[in-house]
Structure formats: C-alpha cells, structure tokens
Amino acid sequence: MLPVLVTGGAGFLGSHLIRILLERNYRVIAIDSLWTGSLDSIANIQDHPNFTFLRHDVTLPFTGIINDVSQIYHLACPASPKHFVKNPIDILNKCFQGTKNVLDFAVKCNARVLLASTSEVYGDPLVYPQAESYYGNVNPFGPRSCYDEGKRVAEAMAYAFRLENNLDIRIGRIFNAYVPGMLPSDGRVVPNFISAAIGQKDMQIAGDGNARRCFQYVGDCVLGLYTLMQSSCLSPVNIGCDDEISIANLAQLINDIVSRKTASAPVDVLFTEKSDDDPFRRRPEISMAKEKLQWQPRVGLRDGLEMTVNWFLAFLAAI
Ligand SMILES: O=c1ccn([C@@H]2O[C@H](COP(=O)(O)OP(=O)(O)O[C@H]3OC[C@@H](O)[C@H](O)[C@H]3O)[C@@H](O)[C@H]2O)c(=O)[nH]1
C-alpha cells in the first residue's frame, strides 16, 4: 500500500494527525522544515515501522525526495500570529509556492490532497457564525494579510488544480485548535495563558477581553481532517467547535484549573493593546461537517484544558 504524506508533520496538528493514521495502519511519510515544527512532537513515533520523517521545506520541489504517495495532508505553514509580523514574506511563499509544489506532486502521483486551510480566510468576520458560504472580511494590506490572504490563495490554487488537472481536493478550514504539546513559546492564547498561570506571571489580554473565540481540542480537529479526507466533500468545510467563550472568561477558566492543580493563587490579568485586524468574534457554522462528515467536536473546553494543563505541568517539570 502506498504511503500517506503529511506536510508539517512535526507541527502540533501534524504530529497528532500522524498518530491516528498510524493507528489505522497507514504507512506515513512526514516532511517538515522544522521552522516551527519540532522533532520533540514526533519523538515517540520516530521508531514506528510505518513512519518515516524527512526534513524538507515544501517551498522546494519534491523531485527526488519522495517517489509516490496515495494521499497528501498539506498542513505545512506557521500558524501562530506571532510569525505573521516576523516572517510575512516566508509565510506568503509557504502558502503559494509550498501549496503549488504539493499540488504538482499530487498530480504526478494522482494523489488525493487535503489542504489545511483556516478560519482566517474569513478575516475579521462581519457575519456570525461563519458558514463556508461567507466570503469573509479580509484586509489585504495589514499585519495578518500574509496568512489570511496566503491561505486564500492556497484555496484558489487548490480550485485551479481541480479545474485544470481534475485533482481530487479536500479543504478543511480549521478554527482555533489547542493541544497538549503546544510549546509555551507558541504565542497563541491557550499556551500563553497556561504558561503564565503556571509560572505565576500576569496573563496579558489584548484589548478589553471581550473578543470571542471557539476552541477545539486537537483530537477532535485531526479526526475531522481524517474524516474529511475519506469523504466525497469537494468544497471547503469548517472544522471547529461552535462553543464560544470570551478571552476574559478563558483567562478565568485557565486560572481556576491551574490554581486547583498547583494549589497556587490565580494570577493577575493585564490588558494590552489589541493588534490591527485581530478578529473580534470567530465562531464556525459546522452543520456541513455534521451532515456531510457526521463529525462534530466531542471534547469540552474544560476537559480539554485539564488535559492540556496536565501536559504543560509534566513538560515544565521535566525541563
Ligand atoms: O497572550 C495572548 C494571546 C492572544 N490573545 C488574544 O486571544 C485571541 C486568540 O488569539 P490566538 O493567537 O490564540 O489565535 P487567533 O484567533 O488570533 O488565530 C488562531 O486562530 C485561527 C488559526 O488559523 C490561527 O492559526 C490561529 O493563530 C486574540 O483575540 C488575541 O488577541 C490574548 O489576549 N493574549
């Protein structure tokens, strides 16, 4: 049986996706440039007989790297906003050239491709909740445009390859995911707040704390991607949780969980400047995933955060 390729396989989503593929007896090849991925995330599967890791940047051609695959999950792209301001050109290149290289390789192998897209294609939405039919409210000339527009051009590239090459494409628009395994340095709100609470440092809320998000646990997210790949769903599908929480309430929830687990005092919250184009509210409409994939998130936020805090406590105790 031909292997399945996971680009960005050393990332926090990619490494969890690989685990469920190996559990289903797929042979898996993971490639990652290790720009934001880490070998630590795949340390305990490196020796699996059905797993191969290749250090490779998707912005470089695949010729001579891999011969043939049956499916490709294309996840390779930095996804934390902290990278959007630091490396915008590299992110745009990853989204454009990286996706083109992946799709060219898929045509050569006649492989089915799943593009990991993002809720950021909706920008700072003016419509709630966001259904797949919403075209979005994106600033093409701002601090998040490299990722927002980058992922939009990746979707456009996927559409063009389906039109010109009849390529078998699936597109998952991933909403905020959190993971045991996200590094404290990741820069996103869940690892930031957990690291602050455990480290007894102030949590920093960008804006007034009224911004709202929906957070999905990684296990739900990667099962959604896997189910989408097996499906016959040819248009983009939202993969996310539709249970909204304000950032202020998230801070309170994480403070409660960490205080109870560490018998420490809740930490203070500082309110800082919100960056431009940082979406105010983001909530997926997930009826398409429910109806066409029979998928919906199962892990509640409190349970998922309990598992994530446990991971962080173990990780920080081990270093
Ligand atoms: O320390 C922090 C970090 C973040 N935040 C706020 O928390 C909210 C969520 O921020 P995050 O950085 O976790 O994530 P974002 O919602 O900005 O983007 C995220 O969701 C969509 C995915 O495709 C992106 O890859 C992911 O970064 C934002 O309003 C942000 O301003 C804080 O208040 N404090």
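About the cut-offs
- Residues numbered from 1 in each chain as written.
- Predicted model: local features only at pLDDT ≥ 70, side-chain atom pairs only at ≥ 80, totals over all residues.
- Heavy atoms only, no water.
- UniProt positions renumbered as here; feature names shortened; annotations may be inferred.
- Helix = DSSP H or I, 4+ residues; strand = E, 2+ residues; numbered from the N terminus.
- Buried < 20%, exposed > 50% of the residue type's maximum accessible area, 1.4 Å probe, protein only.
- 1 Å grid on protein atoms, 1.4 Å probe; cavity = no way out; pocket = protein on both sides within 12 Å on 5 of 7 lines; lining within 4 Å.
- Points joined across faces, edges and corners; volume = space filled by probe spheres on them.
- Nonpolar A, V, L, I, M, F, W, Y, C, P; charged D, E, K, R; others polar.
- Core = buried A, V, L, I, M, F, W, Y, C linked by side-chain atoms within 4.5 Å.
- Contact = heavy atoms within 4.5 Å.

Per an unreviewed UniProt entry, the recorded name for the chain is UDP-glucuronic acid decarboxylase 1, and the organism is Penicillium angulare. Comment text from UniProt for the chain, heading Pathway (unreviewed entry), reads "Nucleotide-sugar biosynthesis; UDP-alpha-D-xylose biosynthesis; UDP-alpha-D-xylose from UDP-alpha-D-glucuronate: step 1/1." On record in UniProt, under Sequence similarities (unreviewed entry), the comment for the chain is "Belongs to the NAD(P)-dependent epimerase/dehydratase family. UDP-glucuronic acid decarboxylase subfamily."

## Considerations on the UniProt feature "domain: NAD(P)-binding" (unreviewed entry) in the chain
Residues annotated in UniProt with the feature "domain: NAD(P)-binding" (unreviewed entry) correspond here to residues 5-308. Measuring from the first to the last C-alpha atom of residues 5-308 gives 27 Å, for a span that is 38% helix and 17% strand.

## Some thoughts on unusual backbone geometry
The linkage connecting Tyr-128 with the following residue, Pro-129, adopts the cis geometry, with an omega of -15°. Looking at the secondary structure, you find Pro-129 in the loop between strand E5 (112-118) and helix H4 (145-165). Notably, Asp-277 is not glycine yet its phi reads approximately 65°, a positive angle. Accessibility expressed as a relative area gives 26% for Asp-277, which makes it partly exposed. Located in the positive-phi region is Gln-294, a residue other than glycine, with phi close to 50°. Topologically, Gln-294 is positioned in the loop between helix H8 (287-293) and helix H9 (301-318).

## Overview of empty space enclosed by the protein
Here the structure, examined in full by the defined rule, presents 1 cavity of 30 Å³ or more. Considering only enclosed or pocket space, the largest cavity measures out at about 30 Å³ in volume. Lining the largest cavity are His-74, Thr-99, Val-102, Leu-103, Val-113, Leu-115, Ala-154, Ala-158 and Ile-169. Those elements that provide at least two residues to the lining of the largest cavity are helix H3 (88-109), E5 and H4. Top contributing element to the lining of the largest cavity by residue count: H3, with 3 residues. Its residues assigned to classes, the lining of the largest cavity comprises 7 nonpolar, 2 polar and no charged.

## Side note on the nonpolar core
It is characteristic of soluble globular proteins that their nonpolar side chains tend to be buried jointly. Counting residues in hydrophobic clusters, the biggest one holds 64 residues, and the most contacted among them are Leu-13, Leu-21, Phe-51, Tyr-73, Leu-250, Ile-254 and Leu-305. Not counting residues up to four positions away in its chain, the partners in contact with Tyr-73 are Val-4, Leu-5, Val-6, Thr-7, Leu-17, Leu-21, Leu-114, Leu-225, Tyr-226, Met-229 and Gln-230. Leu-5, Ile-31, Phe-105 and Leu-115 belong to the second largest nonpolar core, which has 24 residues in total.

## As for the layout of surface pockets
Looking at the second largest pocket, its volume works out to about 180 Å³. The wall of the second largest pocket is formed by Pro-184, Asn-192, Phe-193, Ser-195, Ala-196, Lys-201, Asp-202, Met-203 and Gln-204. Going through the elements one at a time, helix H5 (189-198) and strand E8 (203-206) are the ones with two or more residues in the lining of the second largest pocket. Classifying every residue of the lining of the second largest pocket by side-chain character gives 4 nonpolar, 3 polar and 2 charged.

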